[in-house]
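# Reading the structure
So you can see what is in the structure, the chains are spelled out below.
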2 protein chains.
Amino acid sequence: MSKYWSKLAASLTPYVPGEQPKDQRYIKLNTNENPYPPSPKAIEAIRKAANDELRLYPDPTCDDLRTAIAKRHGLTKEQIFVGNGSDEILAFAFPAFFSPERPILFPDVTYTFYPVYAKFYGIPYETVQTDNEFLINPDDYMNPNGGIVIPNPNAPTARYLIVDELERILRANEDTVVIVDEAYIDFGGRSAVSFINDYPNLLVVQTLSKSRSLAGLRVGMAFGHPDLIEGLNRVKDSFNSYTLDRLALAGAMAAIEDEAYFEETTRKVMATRERTAKAIAELGFVSIPSSANFLFVTHPEISAELLFGRLKSKGILVRYFNKPRIDRYLRVSIGTDEEMDQFAKALADIAEEAGRIDQ
Amino acid sequence: MSKYWSKLAASLTPYVPGEQPKDQRYIKLNTNENPYPPSPKAIEAIRKAANDELRLYPDPTCDDLRTAIAKRHGLTKEQIFVGNGSDEILAFAFPAFFSPERPILFPDVTYTFYPVYAKFYGIPYETVQTDNEFLINPDDYMNPNGGIVIPNPNAPTARYLIVDELERILRANEDTVVIVDEAYIDFGGRSAVSFINDYPNLLVVQTLSKSRSLAGLRVGMAFGHPDLIEGLNRVKDSFNSYTLDRLALAGAMAAIEDEAYFEETTRKVMATRERTAKAIAELGFVSIPSSANFLFVTHPEISAELLFGRLKSKGILVRYFNKPRIDRYLRVSIGTDEEMDQFAKALADIAEEAGRIDQ
């Protein structure tokens, strides 16, 4: 606390990102990174862009990248926005479309950055309870509201809401903006991007951090009616005109265009996910059906906090949230097959130590 | 205008960056870029960082870069903040230290992003008139206020305020934060960073875009008491935890450490600036004494708007602001000697065409 902080700054409860250990000795299953490297074409494009032109500002409109993204989805670049990670896009979307006058709605169990944005901008919010298995019920999003955020698949639960259900939410809320946060959509879900031409109140947000293995490059993208994209641009140009550097623009474009590599690596992650879910189920662990690159895992008798600590001592980092409703779960990112074998082996050992293995 | 925009989004008047022509046929003297390429060591560091580790998030605390910056200035990393360009740092500093309750002060002629930030965050402001030669008078900053922003050197005027005068402002405003925006300090001014240990209300903001030739990399830095740095971090972590990608971190660190290259290129820019000022003075043009990498130029008889258009038609882009008090001036970035010779030649031709050359 400092006398120089504004009341707002003093009142904030900032987001806490997952641990990023600097020694790198851990098997890192705690921040939903992709175990496979980025497309070699993306790395090559970045190396090529590392040249004397770095003395010049990047294109503030990011036209080439937006055009490439639009092309992939059969849209126009006026329907595309790009930002410094999907977090930045969400940070622009909240003040662009939500107001202090009316509360917005999002699930009670979800990405913990949503309430942080809301507090930062003074936007009131109500959380909507998910059911016992963390399912989102569209009927709960039919009341008057100032906007809606639906993460699909949800995090940290990994729960996917089929798009027909999502469409009911879009239809019932024609006067407010519905943000669908699809950070994890490429691991088995169907994207709401297919609705962009039908619903002017829909903003879909995605990231290159997970399915394109580019968490270190900081690029996110949003899809929406040109009016919504213009709203995002108005906020961006009141904040920072050049949010993507020349290297991020070049690498992102090459990654978007390398469809074959994207298909191959996401398929591998999904296969490993199913294999892991099966292996740990045999050890008595329960995971929520996942359409993401992580599992949300619990054990009926062993506490998640204990599991977290024992895994860490065995050199495996996962994410534990000490919060109501989810404090019996661990969020476990999908690594390589080898890493997940070690994870499953570690769980087996811990369960055995606990003397509670289900045989 | 869209019914989906928030009242705030609808009310914004976003910042308009200088033209970034995509065909690159112009001599580009309009966005204060450095005519020399970045340090070869920075480019090499970026190429090395373009590797498989891009799949991993960057260090959200940016410890290595902050340590390198701190070392250069004899400070500690707790006194350093880094961001996605100095624009982003300013966008975090406004809500961190300024409040809707009390108006902040900044010069009437200055960087046009300051009022944009203020409006975005609902922070009232009063502009303080600079004198006829655009000098800032410290006595004008002694009234009660909610914070102060002093650009030094100022833009677009290029005017430098000697740091002893700046110190008077710091001393008279112990209860509010004084941001000194030093985007252009490395071209001849003395930095207020030397006051960091003495004034807990001082935040100095700098950028790698100009003196390190890295406008395309998007890296800015701030210096202040650890309490102020913590305030910036609270806002950053309510907005986007990972604002600098792995490539920006690597390139920035190498650039900061290459002192010799920095000295050489800034010296060259300053020499070209003095040479250009002298050459155009001989043509009857008047420029404000500059401590920046640009000149603020006027002619007693030829309109700036006409000059701007004629220069553009001759393939030379400069910046013209159609605003009260400065609408007779052009802001001209310093290019290479060759580029500035062409610029001076173009001015001579235009003046001759206008039939008004002073002989």
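Residue numbers restart at each chain and count upward from 1, following the sequence in its written direction. Working convention: letters from A go to chains and numbers from 1 go to ligands, in the order in which they are written. Owing to the predicted nature of the model, reporting of local features is limited to residues with pLDDT of at least 70; listing and counting of side-chain atom pairs is limited to 80 or more, with chain, interface and lining totals taken over all residues. The side-chain numbers reported here are obtained from all heavy atoms of the structure, hydrogens and water having been left aside.

The helix count covers DSSP runs of H or I at least four residues long, the strand count covers runs of E at least two residues long, and both are numbered beginning at the N terminus. Of the regular secondary structure elements, chain A holds 11 helices and 13 strands. Counting only C-alpha atoms, chain A reaches 60 × 50 × 50 Å along its principal axes. Only protein chains enter the accessibility calculation, which uses a 1.4 Å probe. A residue is then buried if its area is under 20% of the maximum for its type, exposed if over 50%, and partly exposed in between. In chain A, which comprises 359 residues, the share counted as buried stands at 64%. When contacts within chain A are restricted to residue pairs at least 6 apart in sequence, those whose partners lie at least 24 apart make up 72%. Per-residue accessibility takes into account occlusion by the displayed protein chains alone, with areas from the Shrake-Rupley method and a 1.4 Å probe. Put simply, chain A shows about 13,100 Å² of open surface, and 49% of that area lies on carbon and sulfur atoms. In chain A, the 40 positive side-chain charges and the 50 negative ones have mean positions that sit 5 Å from each other. Throughout, a contact is declared for two residues whenever any of their heavy atoms are within 4.5 Å. Here Asp and Glu are counted as negative and Lys and Arg as positive; His is not counted, and neither are the chain ends. We put the charge of a Lys on NZ, of an Arg on CZ, of an Asp on CG and of a Glu on CD.

A few words on helix H6 (residues 163-172) of chain B. Residue and element names in this part refer to chain B. Among all positions in H6, only Val163, Leu166, Glu167, Ile169 and Leu170 are buried. Projected down its long axis, H6 shows its buried positions confined to an angular sector of 155°, all on one face. Tucked into the core, H6 has its buried residues touching strand E5 (148-151), strand E6 (178-181) and strand E7 (202-207). Taken from the helix axis, the directions to the C-beta atoms give the arc we talk about.

UniProt positions are given in the numbering used here, feature names are shortened, and annotations may be inferred rather than shown by experiment. The UniProt record annotates "modified residue: N6-(pyridoxal phosphate)lysine" (unreviewed entry) at Lys210(A). Summarising the element assignment, Lys210(A) is placed in the loop between strand E7 (202-207) and strand E8 (220-224). Setting aside anything within four residues of it in sequence, one finds Lys210(A) in contact with Thr31(A), Asn32(A), Asn34(A), Ala183(A), Tyr184(A), Phe187(A), Asn293(A) and Tyr57(B).

Attention shifts here to the relation of the copies chain B and chain A. What sets the superposition is a least-squares fit of C-alpha atoms, and only residues with pLDDT of at least 70 in both copies go into it. Superposing chain B onto chain A takes a rotation of 180° combined with a translation of 0.0 Å along the rotation axis, leaving an RMSD of 0.0 Å. Here the two chains are linked by the operation of a two-fold rotation axis. Proximity to the rotation axis, assessed at the C-alpha, singles out Arg47(B) in chain B; its C-alpha lies 2.6 Å from the axis.

So, on to the interface of chain B and chain A. Between chain B and chain A, the contact holds 88 residues from the first and 88 residues from the second. Summed over both partners, buried area is the accessible surface (1.4 Å probe) that two parts give up on being assembled. A combined buried area of about 7,300 Å² lies between chain B and chain A, and 56% of that area is made up of carbon and sulfur atoms. Salt bridges are defined by distance alone: a side-chain nitrogen of Lys or Arg within 4 Å of a carboxyl oxygen of Asp or Glu. Where chain B touches chain A, the interface holds 2 salt bridges. N or O atoms within 3.5 Å of each other form a polar contact, as long as, within protein, one can give a hydrogen and the other can take it, and as long as residues adjacent in sequence are counted only when both atoms are side-chain atoms. Counting across the chain B and chain A interface gives 43 residue pairs in polar contact (both at pLDDT 80 or more). Per-element accounting of the side of chain B that touches chain A gives the leading share, 7 residues, to helix H4 (residues 85-97) of chain B.

Okay, the sheet that holds strand E13 (residues 329-333) of chain A next. Residue and element names in this part refer to chain A. We call two strands paired when DSSP finds no fewer than two bridges between them. Within the open sheet, the 4 strands sit side by side as E9-E10-E13-E12. Their pairing is antiparallel. Edge positions in the sheet fall to strand E9 (286-287) and strand E12 (319-320), since each has one partner strand and no second. Across 5 bridges, strand E10 (residues 294-298) lies against E13 in antiparallel orientation. Bridge pairing links threonine 298 to tyrosine 329 in E13. Lines are fitted to the C-alpha atoms to define the axes, a helix being fitted only along its stretch in contact, and any angle between axes, read from their N-to-C directions, falls within 0 to 180 degrees. Packing of helix H10 (residues 304-313) onto the sheet brings it into contact with E12 and E13, and relative to E13 it is tilted by some 40°.

What follows covers unusual backbone geometry. Residues and elements named next belong to chain A. Following asparagine 152, the chain continues into proline 153 via a peptide bond in cis, with omega recorded as -5°. For proline 153, the position within the fold is in the loop between strand E5 (148-151) and helix H6 (163-172). Residue alanine 155 is joined to proline 156 through a cis peptide bond whose omega torsion reads 5°. As for its position among the elements, proline 156 is in the loop between E5 and H6. Its identity as a non-glycine residue notwithstanding, alanine 158 has a phi of 75°, on the positive side.

Turning our attention to the environment of Asp341(B). Relative to the helices and strands, Asp341(B) resides in helix H11 (residues 337-353). In the structure, Asp341(B) is positioned 201 residues away from Asp140(B) in sequence and 40 Å away in space, judged by C-alpha atoms.

Within the fold, Glu88(B) resides in helix H4. Lys236(B) provides the closest opposite charge to the buried, unpaired Glu88(B), separated from it by 7.7 Å. Setting aside residues no more than four positions away along its own chain, Glu88(B) makes contact with Glu88(A), Phe239(A), Asn240(A), Gly83(B) and Thr243(B).

In this section: the environment of Ala70(B). Residues and elements named next belong to chain B. In this structure, alanine 70 sits in helix H3 (residues 63-73). On the basis of relative accessible area, alanine 70 is assigned to the buried category, the value being 2%. Sequence separation between alanine 70 and phenylalanine 223 is 153 residues, and the spatial gap between their C-alpha atoms is 8.7 Å. Setting aside residues up to four positions removed in sequence, alanine 70 forms contacts with Leu75, Thr76, Lys77 and Ile80.

What follows covers the packing of aromatic side chains. In summary, the pairing rule links any two rings of Phe, Tyr or Trp, Trp by its six-membered ring, whose centres are within 6.5 Å, and it sorts them by plane angle into stacked for under 30 degrees, edge-to-face for over 60 and tilted for everything else. Evaluation of the coordinates by the stated rule reveals 43 aromatic pairs over all chains. Relative to Tyr121(A), the ring of Phe120(A) lies with its centre 4.9 Å away and its plane at 65°, an arrangement referred to as edge-to-face. Here the two residues Phe120(A) and Tyr121(A) agree in accessibility, since each one is buried. Centre to centre, the rings of Phe308(B) and Tyr320(B) are 6.2 Å apart; their planes meet at 35°, and the pair counts as tilted. Taken together, the residues Phe308(B) in helix H10 (residues 304-313) and Tyr320(B) in strand E12 (residues 319-320) connect sequence positions 12 residues apart. Of the residues examined, Phe308(B) reaches a relative accessible area of 19% and is grouped as buried. The rings of Tyr15(A), Phe94(A), Phe98(A), Phe106(A), Tyr111(A), Phe113(A), Tyr114(A), Tyr117(A) and Tyr125(A) are connected pair by pair, giving a single aromatic cluster. A ring is considered to have a charge above it if a Lys NZ or an Arg CZ atom is located within 6 Å of its centre and within 35 degrees of its normal. The ring of Tyr26(B) carries Arg25(B) above its face, with NZ or CZ at 5.8 Å from the centroid. Residue placement shows Arg331(B) over the ring face of Phe294(B); its charged tip is 5.9 Å from the ring centre.

Residues belong to a common nonpolar core when they are buried Ala, Val, Leu, Ile, Met, Phe, Trp, Tyr or Cys residues joined through side-chain atoms within 4.5 Å. Counting residues in hydrophobic clusters, the biggest one holds 100 residues, and the most contacted among them are Leu202(A), Phe223(A), Leu247(A), Leu202(B), Phe223(B) and Leu247(B). Apart from residues lying up to four places away in sequence, Leu247(B) is in contact with Ile46(A), Leu217(A), Leu247(A), Ile46(B), Ala49(B), Ala50(B), Leu54(B) and Leu217(B). Formed by 74 residues, the second largest nonpolar core is a distinct cluster that contains Ala91(A), Ala118(A), Phe94(B) and Phe98(B).

In this numbering, the UniProt entry assigns the feature "domain: Aminotransferase class I/classII large" (unreviewed entry) to residues 26-347 of chain A. Annotated as 37% helix and 15% strand, the span residues 26-347 of chain A places its first and last C-alpha atoms 16 Å apart.

Once that is clear, we can look at the environment of Phe308(B). Taking the C-alpha atoms as reference points, Phe308(B) and Leu330(B), separated by 22 residues in sequence, lie 7.3 Å from one another. Setting aside its immediate chain neighbours within four residues, Phe308(B) contacts Glu19(B), Val318(B), Tyr320(B) and Leu330(B).

Turning to the domain arrangement of chain A, a few remarks are in order. Residue and element names in this part refer to chain A. Structurally, chain A comprises domain 1 (7-36 + 260-350) and domain 2 (40-258). In this entry, domain limits derive from an automatic or database-based domain assignment. On a C-alpha basis, the centres of domain 1 and domain 2 stand 24 Å from each other. With 32 residues of domain 1 at the contact, the number on the domain 2 side is 35 residues. Overall, the association of domain 1 and domain 2 removes approximately 2,800 Å² of surface from exposure, summing both partners, and the carbon and sulfur fraction of that is 62%. Sorting the residues of domain 1 by area buried against domain 2 places Tyr15, Phe262 and Arg325 first, and these three jointly supply 27% of that buried surface. Across the contact surface, domain 1 and domain 2 share 1 salt bridge. Note that aspartate 108 is salt-bridged to arginine 325, the shortest N-O span being 2.7 Å. Of all the elements in the fold, those that place two or more residues in the side of domain 1 that touches domain 2 are helix H9 (259-281), E10 and E13. Take the side of domain 1 that touches domain 2: its biggest share by element is 8 residues, from H9. For this classification, the nonpolar set comprises Ala, Val, Leu, Ile, Met, Phe, Trp, Tyr, Cys and Pro, the charged set comprises Asp, Glu, Lys and Arg, and every other residue, Gly included, is treated as polar. Across the side of domain 1 that touches domain 2, the residue classes tally to 18 nonpolar, 9 polar and 5 charged.

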